[in-house]
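Working through the structure, step by step
Read off the chains here:
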Amino acid sequence: MNNAAWTLINDQDDLALILDPYLTKSSRKAIDFETTDLRTFQASIVGVALAGSKELGLYINTQSPSNDLLTIMADSFVAHNAVYEAGILLNHGVTKFDL
């Protein structure tokens, strides 16, 4: 039986209400970018999956996440595929991260 609680975020107002409490609920968090291309410097972000545990996750449906949001994610999450995620962050102007 799957008791996962995944939340779909469709706009920035929803994200502002949910992200901060979400960040404090779990000490281990994972990030995975959903993109338009496998080549990091040609890819556009179309969504971001965040997982805090097997039971807690968010999917942010976005065409253009803000640089502030990407910076928060880079500082707070372990990357699903660190080399790819780092390339995506660099392509979007985030140069300081600890994946």
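Report on the accompanying structure. Just so you know, these numbers come straight off a predicted model, no measurement behind them. (Residues numbered from 1 in each chain as written. Predicted model: local features only at pLDDT ≥ 70, side-chain atom pairs only at ≥ 80, totals over all residues. Heavy atoms only, no water.)

**Description of the overall build of the protein chain**
Operational definition: Secondary structure counts use DSSP, requiring at least four H or I residues in a row for a helix and at least two E residues in a row for a strand, with both numbered from the N terminus. Accessibility throughout is a Shrake-Rupley quantity obtained with a 1.4 Å probe, and a residue counts as covered only by protein chains that appear here.
Of regular secondary structure, the protein chain possesses three helices and five strands. Element order for the protein chain, N to C, with α for helix and β for strand: β-α-β-β-β-α-β-α. Carbon and sulfur atoms make up 52% of the accessible area of the protein chain, which totals about 6000 Å².

**Description of the pairing of strand β4 (residues 56-61)**
Consecutive side chains along a regular strand alternate between the two faces of the sheet. Note the threshold: Any two strands with at least two DSSP bridges between them are considered paired.
Alignment of strand β1 (residues 5-9) against β4, held across five bridges, turns out to be parallel. Bridging across to β4, I9 finds its partner in I60. As judged from the five bridges shared by strand β3 (residues 45-51) and β4, these two strands associate in the antiparallel manner. Among the inter-strand pairings, G47 is bridged to a residue of β4, identified as N61. With antiparallel pairing between neighbouring strands as the criterion, β3 and β4 make up a hairpin whose turn holds four residues.

**Considerations on helix α2 (residues 67-76)**
As a reminder of what qualifies: A simple rule labels every residue: compare its accessible area, found with a 1.4 Å probe on the protein chains alone, to the largest value its type can have, and call it buried under 20%, exposed over 50%, or partly exposed in between. What the arc measures is the spread of directions leading from the helix axis to the C-beta atoms.
The complete set of buried residues in α2 reads L69, L70, M73 and A74. Burial along α2 is one-sided: seen end-on, the buried residues are contained in an arc of 135 degrees. Of the residues in α2, the exposed ones pointing more than 90 degrees away from the buried face are D68 and D75.

**Things to note about the environment of W6**
As a reminder of what qualifies: Contacts: residue pairs with any heavy atoms within 4.5 Å of one another.
Its place among the elements puts W6 in strand β1. Put simply, W6 and L58 are 52 residues apart on the chain and 5.4 Å apart in space, counted from C-alpha to C-alpha. Discounting residues that sit within four places of it in the chain, W6 has contacts with L50, A51, G57 and L58.

**Details of the nonpolar core**
Condition: Side-chain atoms within 4.5 Å are what join buried Ala, Val, Leu, Ile, Met, Phe, Trp, Tyr and Cys residues into a set we call a nonpolar core.
By size, the foremost hydrophobic cluster in this structure holds 21 residues, and its most contacted members are I31, F33, V48, L50, I60 and M73. Sorting the residues of this core by element identifies α1 (12-25), β2 (30-35), β3, β4, α2 and α3 (82-91) as the ones contributing at least two each. Of all the elements, α2 adds the most residues to this core, at four residues.

**Points about the sheet that holds β4**
Inclusion rule: Angles here are taken between N-to-C directions and fall from 0 to 180 degrees, while the axes themselves are lines fitted to C-alpha atoms, restricted in helices to the stretch in contact.
Within the open sheet, the five strands sit side by side as β1-β4-β3-β2-β5. Their pairing is mixed. Single-partner strands in this sheet number two, and they are β1 and β5 (78-79). Judged from the six bridges that link them, β2 and β3 form a sheet pairing that is antiparallel. For I31, the partnering residue across the bridge sits in β3 and is L50. Sheet contacts for α3: β2, β3 and β5; angle to β2, the most-contacted strand, approximately 65 degrees.

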